[in-house]
Structures are given as structure tokens and as C-alpha cells.
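Commentary on secondary and tertiary structure
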Amino acid sequence: MSTDPALVHTFREVWAELSGIGRAPDGGYLRFAWSPAEVALRDWFRVQAARRGMPVTDDGNGNLFAVWSPTSDERLSGAAPGGVLTGSHFDSVPHGGAFDGPLGIVSAFLAVDLLRERGFQPTRPITVAAFAEEEGSRFGVACLGSRLLTGAIDPQRAAALTDRDGISLGDVLGATPAGARPELVARFDAYVELHVEQGRALAGPIGVASAIWPHGRWRFDVEGEGNHAGTTLMTDRRDPMLTYAFTVLAANKEARLRGAHATVGRVEVTPNATNAIPAAVRGWLDARAADDETLAGLVEAVAKKATERAGRDGTAIRFTAESTTGEVRFDPTLASNLAGLLGGAPILPTGAGHDAGVLSAHLPTAMLFVRNPTGVSHAPAESASDADCAEGVKALARVLEELSAQPLVDHDEGVAR
């Protein structure tokens, strides 16, 4: 692999502009949607777009679009994003890694720069997106911005979602989200998202996604009876923590039996006192599997075992699906073409969810992965070398060049221009 030193240097310089925003003492990032850190990154997005003469628009759902348009036609310029879409998200999980999300946006802007340096003139617009609340770490629904844009979630329901401080999405936006924008989605001919690898499967710097495992988040609320830790006999207790603990172990066992993944990474306890038996425990199950049937079987088995255990503990448990996504298979022709375009890059599935998965139901969609030597994601050790990131920029530029060199389609008239 021949790495371009100038491109590596450029990537390093641009990456440094945002690498300190929202960084925690442990090296991870706190970039929750619409937090001061994420708003600062949105400002950075606008500055980057302005430097390149790319008008920025907001779709009314918090998603930002910066457009490189090949025409002065008002309908196909910055006033109306369209053509080939690329980008990712800025928000992070609590104490997440640096690359998950922002790498796709930085790479998109640098890919535009690379194409311009080569004198390339697209025949259809190239739009760089920054999607809102992809991780779902603040309001609980993953890919919230792309779900709103495509109509996968009702805007009234979304507006009522609250964060841990009781602040609603409607409060943050100052209005109910715009919701579905089919006329906007229809203007895009393809979406390509570059993302850091989440796992350690790549031998080379670049890979292409074939599919996303079906996955979802289920909240389980366990109600018991709060009481004194020192005076309540063990035989008299209705302890929801026991039911909670059993549910976690059951999820682990059922996932292993099915070759699936199950994680309980968040818990809330009431009253959360050392010397008190809890009155209630709330947990969140993240479950993923290679196919929809396996995932459904996993969640059903966990819920059944947890309910049986609650009966023995004298507690009550209730499962609520907060967000679910079925199996996503990216456009196989597009994936194959991109792999060939990139010199035979490997094509592989992923267990992680992305905005690309939501958009794939509405337009041809593909993903590129940049090698992660640690294999760690959603944690400070998430990593990618500057050289591999530069290769990612080159790969994305090559893909955008190919896709945006097709005849321009006037979506208002349905004819080529």
C-alpha cells in the first residue's frame, strides 16, 4: 500500500480540530446529541462547509446537509440537498471512542477536497450529512435523526422522548420535529457511509459492508418492595435486584446458545441506597443476532425466564421495546461494484447499527469500513491509524467520483439532465 504523505498530514490537521471537543479525562468522549460538545461539532461542520462554499441546510429533524452542487440551478443547489449522500454522525455513547461517527464526516469533507484537487466536476450533487442522535445515548432511540427523516418514527412520539434529566427532544429543538421528508429522501440517488471498523476482521485498511445484523433495545422494569436492608428477613423480601440479576444472566446464556449477542449495560435503581432493598430496578437489554428469527427467539426466551423468576421473587417485570431494526442487507450490486472499484476490498457483515441501515429501505446504500487495529469500539481504545484514515478518504473519494459522475437526474421532472 502506497500512502500519500500529504493526505496523511492533511487528515491529521483536520482531525486535530475536533479531537479535543467533548473529551473526558479517561480519553473517551461525552458528545451526547445537542450537548455543548455536540453543538460545537455542529458549528465545526458549518465552518468546514463554508470553507468549501457548500451551503448548509437543516431538515427540521436536526440533521445537517452540506451540498457541493455542479449547477447553479436553485432547485439542485444548497437549497435542496440531493444526488449522492455521504457522512455520518457526531454524537457518542458515554465515554465512547473518537472515531465512531466523526470519521465519516471528516472523511467526506476531505474526499470532496481530493476530488476538487483532481479537477473532478460531478454531474450530480454530493451532499455531506451529519445525522442527529445516531447512538441514542441521550433520548433512547438509536438513529433518531434518520428515523425521523424517513418516517420510521412519529415526530410527536419523538418530541416527547426525554433524557435522564427529564428534558424532552421537543424542548431541545424548540418545536416538534418535522418528521418524514419523502421529497428530500427521493432526491438522493445513493448513500455511502464511511465508518471505523467495529471489530477486528480487516487485514487491509478498507472493507465494504454486506449487511447489518437485526438488533434492538428493550427496557425491562422490575417492581418489588423497598425495605430496610438490616431488619427485613431474607424470606420476607420482594427484591427486584434479584430478578434483575437473573435477567442479565439469562440474557447472557440465551445469547451464547444461539450464537447471538446480548448486553445489559445500563441500570437504574430506586432508591439507589446501600442500606435499602430496592423498590424498583430498570435495565436495558441490547440484543443482536444474525437473523430476525434468532433475535426474536432470544428476546422471547429472556422475557419468559425473567417472568418466571419474578414470580418466584414476588416481583413483577415488564419488557418494552424501545427501538428495533430488522436485518439490513445492503444493495448487493452496489457493494460488489464498490469492492471491485477498491481493488477487491473484502465484503463483510456487521453487528453494529448505523444510519445507513435506516436509509437502506429507501435508497441504494453502502458502507465502507476503515481498519481498527484494537478491535475495540464504543470505548476509549477505539483506534485507526492516520495512514488507514487517509486510505479511507481516498476510497471514499473514488466511490463518490464513480457515483456522482452519472447523468444528473431532475427529481422534479423525473428526467436526466
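Preceding this paragraph is the structure being described.
Residues numbered from 1 in each chain as written. Predicted model: local features only at pLDDT ≥ 70, side-chain atom pairs only at ≥ 80, totals over all residues. Heavy atoms only, no water.

1. Details of the packing of aromatic side chains
Under the criterion given, the structure shown has twelve aromatic pairs. Judged by centre distance (5.8 Å) and plane angle (20°), the ring pair of F220 and Y244 falls under stacked. Of this pair, F220 sits in strand β7 (residues 215–223) while Y244 sits in helix α8 (residues 240–258), placing them 24 residues apart in sequence. Taking relative accessible area as the criterion, F220 reaches 0% and is therefore assigned buried. Using a relative accessible area of 11% as the deciding quantity, one classes Y244 as buried. Pairwise contacts between aromatic rings join W44, F45, F90 and F109 into one cluster. The ring of W68 is capped by R116, whose NZ or CZ atom sits 4.8 Å from the centre of that ring. One cation-aromatic arrangement involves R266 over W284; the distance from NZ or CZ to the ring centre is 3.8 Å. (Phe/Tyr/Trp six-rings, centres within 6.5 Å; stacked < 30°, edge-to-face > 60°. Helix = DSSP H or I, 4+ residues; strand = E, 2+ residues; numbered from the N terminus. Buried < 20%, exposed > 50% of the residue type's maximum accessible area, 1.4 Å probe, protein only. Lys NZ or Arg CZ within 6 Å of the ring centre and 35° of its normal.)

2. Observations regarding the side chain of S107
Looking at the element boundaries, S107 is found in helix α3 (residues 102–117). Exposure remark for S107: the relative accessible area of 1% places this residue in the buried category. Among the polar contacts listed, one links the side chain of S107 to the backbone oxygen of L103, at a separation of 2.7 Å. Apart from the residues within four sequence positions on either side, S107 is in contact with L194, V393 and L396. (Polar contact = N/O pair within 3.5 Å; in protein donor to acceptor, adjacent residues only side chain to side chain. Contact = heavy atoms within 4.5 Å.)

3. Some points on the nonpolar core
Counting 59 residues, the largest nonpolar core has W44, F45, L103 and F109 as its most contacted members. Ranked by the residues each element gives to this core, the list is headed by α3, at ten residues. The residues touching F45, leaving out its near neighbours within four places in the chain, are V56, L64, F65, A66, F90, I105, F109, V128, A129 and A130. Within the second largest apolar cluster, 20 residues are counted, among which are L184, Y191, F330 and L363. (Core = buried A, V, L, I, M, F, W, Y, C linked by side-chain atoms within 4.5 Å.)

4. Side note on the sheet that holds strand β9 (residues 261–270)
If you walk across this open sheet you meet the four strands as β9-β11-β7-β12, and the pairing is antiparallel. Looking at which strands have only one partner, the edges of the open sheet turn out to be β9 and β12 (316–325). Direction aside, neighbouring strands of the sheet carry axes that sit 20° apart on average. Together, β7, β9, β11 (280–288) and β12 form the strand contacts of α8, whose direction differs from that of β9 by roughly 170°. Lying over the sheet, helix α9 (residues 292–313) contacts β7, β9, β11 and β12, oriented at roughly 165° with respect to β12. (Pairing = 2+ DSSP bridges. Axes fitted to C-alpha atoms, helices over the stretch in contact; angles between N-to-C directions.)

5. Observations regarding the packing of α3 against helix α12 (residues 386–404)
Interaxial distance between α3 and α12 falls to 8 Å at its minimum, and their mutual angle equals 60°. Between α3 and α12 lies a crossing of right-handed hand. Contacts between α3 and α12 pair L103, S107, A108, L110, A111, L114 and L115 from the former with C389, V393, K394, L396, A397, L400 and E401 from the latter. (Left-handed = near helix turned anticlockwise from the far one by under 90°.)

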